[in-house]
Amino acid sequence: MNLIPIDDPRDPRVAAYLDIRERDLVGRHGRFIAEGKVVLDLLLSTGRFAAESALILENRLAGVQEILRKAPPEFPVYVAAGAVMDRIAGFHMHRGILAIGMRGDPAPAEILVETLPRRALAVVLVGISNHDNMGAIFRNAAAFGAGAVLLDQTCCDPLYRKAIRVSVGAALKVPFATFGDIGTFTATLDRLGFSQFALSPRGNIDIRAAERSARLALYLGTEGEGLPRDLLARLQTVRIAMAEGFDSLNVAAASAIALHRFSKAGDALAE
């Protein structure tokens, strides 16, 4: 294991970790921050994204050595005391486990959906701008076996540090890609044999009665406004029944219900 002690918070070898919160806002030029033990494990074990280095609080090192052994022997593992690590990060790092991942060159959504199997559940997100919701949707997508998450260009970044943390690393596991024109994308999914359901409080069909085909794309929209009206007019709409006088859920909660309904587990319960 390539352990490298860091005593100076301005050491150029850990420059990518400096002032994490500020860098969250301005970007990292093709890099992202992975934070926490579970997320580090997924980064090093899934192989979807290359890992550049890790920065570990010295008293957390023993607890992550087995995970770090999943990296190549030359992988840099920077080790710092608490005061040094806090000065590098710009705030108190109580978790004490960070790594830098590389985004790579993402394939467009149209290419990703071409690779999905004959039976597949895909999540299509439109206008999801809250990182907590984004992370929770990815966590739900992983839990219920979604094969991909497809995002329009107005969605926030799934590889934003908080989104990855809330997803408990699922954003590093579930394949995702971005699409441009939504009309063109729905036509692509139609050509590939996907049925397409749009989740809406005013949906035409109760979600419990909706029958999916082997390939299903489930559309989720932003808080409050929901999915665009022209998209709702184009797709089959489904709703989650609620108590009288209440008609909506947080989009992350709604995604969990809908994904479970259309997952293999949900299909079995429906039968």
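A brief report on the enclosed structure follows. Being a predicted model, the structure only gives us computed values, none of them experimental. (Residues numbered from 1 in each chain as written. Predicted model: local features only at pLDDT ≥ 70, side-chain atom pairs only at ≥ 80, totals over all residues. Heavy atoms only, no water.)

## Describing the pairing of strand β8 (residues 176–179)
- Bridge analysis of strand β7 (residues 148–152) against β8 gives four bridges, and the strand direction is parallel. Within β8, the residue paired with Asp152 across the bridge is Phe179.
- Handedness of the crossover is the feature at issue here: the chain leaves β7, passes through helix α7 (residues 161–166), returns alongside β8, and the resulting connection is right-handed. (Pairing = 2+ DSSP bridges. Helix = DSSP H or I, 4+ residues; strand = E, 2+ residues; numbered from the N terminus. Right-handed = clockwise from strand over helix to strand, strands pointing away.)

## Structural notes on the sheet that holds strand β5 (residues 97–102)
- One open sheet holds the five strands; their spatial order is β1-β4-β3-β5-β2, and the pairing between them is mixed. Two strands lie at the open edges of the sheet, namely β1 (2–5) and β2 (31–35), each paired on one side alone. If you compare each strand with its neighbour and ignore which way they point, the axes differ by 25° on average.
- With six bridges joining them, strand β3 (residues 50–57) and β5 adopt antiparallel strand pairing. When the sheet's bridge partners are listed, Ile56 is paired in β5 with Ile97.
- Together, β1, β3, β4 (76–80) and β5 form the strand contacts of helix α3 (residues 61–68), whose direction differs from that of β3 by roughly 165°. (Axes fitted to C-alpha atoms, helices over the stretch in contact; angles between N-to-C directions. Contact = heavy atoms within 4.5 Å.)

## Some remarks on the sheet that holds strand β6 (residues 120–126)
- Strand order in the open sheet formed by seven strands is β8-β7-β6-β11-β9-β12-β10, with parallel pairing between adjacent strands. The open sheet terminates on both sides in strands that have one partner only, identified here as β8 and β10 (205–206).
- Pairing analysis gives four bridges linking strand β9 (residues 195–199) to strand β11 (residues 215–221), with the strands arranged parallel. In the strand pairing of β11, Ser195 is matched with Leu216.

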